[in-house]
Amino acid sequence: MSKTEVKTNKKLRHDPERSKAEFEEFAREFKSESDRAAVILGASKLDQLLGMTLERYFLPSTVATDNLFSTNGPLGNFSSKIDFAYRLGLISSHFCKSIHLIRRIRNSFAHEVYGAKLNSGSHRDRVKALVSPYVDHSWFLDVKNTYFNDEDEIRADFSSILGLMIVRLETRINYVKTVPDSAATRLAPEEYNNENQADA
């Protein structure tokens, strides 16, 4: 999605059938990936969606080159995007913690030379922490049983919660409105600007 598309304040039409088809495609592709690829690609998707959410919320840049999301910019890394999205009220505190858990799993996998598995060591513990609030919720169980019932338990849990997080963010983008320029503090008081316009 281009910056122009992200910036528009028009509410995008939410199509449940299209969302379901896209999730099914995600599930098919995701199941064919190794644990390492699934973790890295899933985290990358969340990173991208958070960036799109923040871009949609922010006012446009006042300069031609917007370095806010560049590699060395204040929002150039995954962790910063997560924290900014939470502090701006775009995601809940629990969602923030959950995405940070995905980020930590991603970082661990990125530093393991070979054989990284979700069903081992600290990875397993983090996945359990990630899904523990939802294990008895019908919507989580429906996704797990419908799309990932033929996978290892931990991989199925991870795939289910990651897929749901992606869907929630993709849907959220449709309803994010750019912060209004009218709320910004101006250098000159508003009444001063109005007086000058009347004199012109």
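Before reading further, recall that the structure is shown in the block above.
Keep in mind the model is a prediction, meaning the values are calculated, not measured. (Residues numbered from 1 in each chain as written. Predicted model: local features only at pLDDT ≥ 70, side-chain atom pairs only at ≥ 80, totals over all residues. Heavy atoms only, no water.)

Draft legend 1. Main features of the overall build of the protein chain. Looking only at helices and strands, the protein chain has 9 helices and 0 strands in total. Counted from the first residue to the last, the protein chain has its helices and strands arranged as α-α-α-α-α-α-α-α-α. Counting every position in the protein chain, which comprises 200 residues, the buried fraction comes to 36%. A separation threshold of at least 6 residues defines the contact pool for the protein chain, and within that pool the share at least 24 residues apart is 72%. Accessible area for the protein chain stands at about 12100 Å²; split by element, carbon and sulfur atoms hold 51% of it. (Helix = DSSP H or I, 4+ residues; strand = E, 2+ residues; numbered from the N terminus. Buried < 20%, exposed > 50% of the residue type's maximum accessible area, 1.4 Å probe, protein only. Contact = heavy atoms within 4.5 Å. Areas by Shrake-Rupley, 256 points an atom, 1.4 Å probe, with all protein chains shown as cover.)

Draft legend 2. Molecular detail of the nonpolar core. In this structure, L46, I91, I99 and F158 are the most contacted members of the largest nonpolar core, which totals 47 residues. Among the secondary structure elements, those contributing two or more residues to this core are α2 (16-31), α3 (35-57), α4 (78-87), α5 (93-111), α6 (121-131), α7 (138-147) and α8 (153-173). Of all the elements, α8 adds the most residues to this core, at 10 residues. In contact with I91, not counting residues within four places along its chain, are L50, I82, A85, Y86, C96, I99 and L169. (Core = buried A, V, L, I, M, F, W, Y, C linked by side-chain atoms within 4.5 Å.)

Draft legend 3. The arrangement of the pattern of salt bridges in detail. Applying the stated criterion across every chain, the model contains 9 salt bridges. K45 is the salt-bridge partner of E170, the closest N and O atoms lying 3.7 Å from each other. Within this pair, whereas E170 is found in helix α8, its partner K45 is found in helix α3, the two being separated by 125 residues in sequence. Residue E170 is classed as partly exposed on the basis of its relative accessible area, which comes to 30%. By relative accessible area, K45 is classed as partly exposed at 29%. The residue R186 makes a salt bridge to D181 at a minimum N-O spacing of 3.3 Å. (Salt bridge = Lys/Arg side-chain N within 4 Å of Asp/Glu carboxyl O.)

Draft legend 4. Examining the environment of L49 more closely. Mapped onto the secondary structure, L49 falls in helix α3. With 119 residues separating them in the primary sequence, L49 and R168 have C-alpha atoms 10.0 Å apart. Leave out the neighbours within four places in its chain, and L49 touches I166, L169, E170 and I173.

Draft legend 5. Structural view of the packing of α3 against α8. Contact geometry for α3 and α8: axes closest at 10 Å, N-to-C directions at 15 degrees. It follows that α3 is roughly parallel to α8 by the angle criterion. The two elements α3 and α8 cross, and the hand of that crossing is left-handed. Together, D35, A38, V39, G42, K45, L46, L49, L50, M52, T53 and R56 of α3 and R155, F158, L162, M165, I166, L169, E170 and I173 of α8 make up the contact between the two elements. (Axes fitted to C-alpha atoms, helices over the stretch in contact; angles between N-to-C directions. Parallel < 35°, antiparallel > 145°, perpendicular 65-115°, else oblique. Left-handed = near helix turned anticlockwise from the far one by under 90°.)

Draft legend 6. Geometry of the packing of α5 against α6. Packing of α5 against α6 brings their axes to within 10 Å, and their N-to-C directions diverge by 165 degrees. One element, α5, and the other, α6, form an angle in the roughly antiparallel class. You can see that α5 and α6 cross each other, and the crossing is left-handed. On α6, the residues that touch S98, L101, I102, R104, I105, S108 and F109 of α5 are H123, R126, V127, A129 and L130. Partitioned by chemical class, the residues of the contact of α5 with α6 number 7 nonpolar, 3 polar and 2 charged. (Nonpolar A, V, L, I, M, F, W, Y, C, P; charged D, E, K, R; others polar.)

Draft legend 7. Layout of the packing of aromatic side chains. What the rule picks out here adds up to 7 aromatic pairs. Measuring from ring centre to ring centre gives 5.0 Å for F23 and Y147, while their planes differ by 70 degrees; the resulting arrangement is edge-to-face. One end of the pair, F23, is in helix α2; the other, Y147, is in helix α7, and 124 residues separate them in sequence. Taking relative accessible area as the criterion, F23 reaches 8% and is therefore assigned buried. (Phe/Tyr/Trp six-rings, centres within 6.5 Å; stacked < 30°, edge-to-face > 60°.)

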